[in-house]
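# Observations on chain architecture
What follows is each chain in one-letter form.
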Amino acid sequence: MASSSSRILAAAALAVLFVGAMCEAPVTFTVEKGSDEKNLALSIKYNKEGDSMAEVELKEHGSNEWLALKKNGDGVWEIKSDKPLKGPFNFRFVSEKGMRNVFDDVVLAEFKVGTTYKPEE
């Protein structure tokens, strides 16, 4: 039988996980003009008041390597490759305030310009 302190600790841990999930900022990825099999341009909406994306990386399907996206003057995150990119794509980010997250299989391999993708929750 678990002691009362063990049950309290377990309940506190669950509460922290629940609150963390509820506070997670919604993120959407919209494929922008200029995207093709070798280039991906994304408008990334990160809805967390007072915070914004600082770094965004992409991992291609079947790869273990994270590739940095660069933010252009229009606020669009881009990656350009010599070879065709292989989706679906995973993304990880760090916000200006230190929030970190990873989203798996967000943008499909057969993405379409103008389509907005939202990570599964």
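Presented here is a report on the structure given in the accompanying data block. Keep in mind the model is a prediction, meaning the values are calculated, not measured.

The next subject is the environment of K83. Structurally, K83 is set in the loop between β6 (77-80) and β7 (89-95). In the structure, K83 is positioned 44 residues away from N39 in sequence and 9.2 Å away in space, judged by C-alpha atoms. Contact partners of K83, with chain neighbours within four places excluded, come to E37 and K38.

A few words on the pattern of salt bridges. Counting across every chain of the model gives 1 salt bridge. A salt bridge links E57 to R92, with the nearest nitrogen and oxygen atoms 2.5 Å apart. Residue E57 is located in strand β3 (residues 53-59), and its partner R92 is located in strand β7; the two are separated by 35 residues in the primary sequence. With a relative accessible area of 30%, R92 lands in the partly exposed category.

With that settled, consider the sheet that holds strand β5 (residues 70-71). Spatially, β5-β6-β2-β1-β9 is the arrangement adopted by the 5 strands of the open sheet, whose pairing is antiparallel. Sheet topology places β5 and β9 (116-117) at the edges, where each strand pairs with a single neighbour. Bridging between strand β1 (residues 27-31) and strand β2 (residues 39-46) involves 5 bridges; their strand directions are antiparallel. Bridge pairing links F29 to I44 in β2.

The rules behind these values
- Residues numbered from 1 in each chain as written.
- Predicted model: local features only at pLDDT ≥ 70, side-chain atom pairs only at ≥ 80, totals over all residues.
- Heavy atoms only, no water.
- Helix = DSSP H or I, 4+ residues; strand = E, 2+ residues; numbered from the N terminus.
- Contact = heavy atoms within 4.5 Å.
- Salt bridge = Lys/Arg side-chain N within 4 Å of Asp/Glu carboxyl O.
- Buried < 20%, exposed > 50% of the residue type's maximum accessible area, 1.4 Å probe, protein only.
- Pairing = 2+ DSSP bridges.

It is worth stressing that arrangement in space is one thing and function is another; only the former is reported here.
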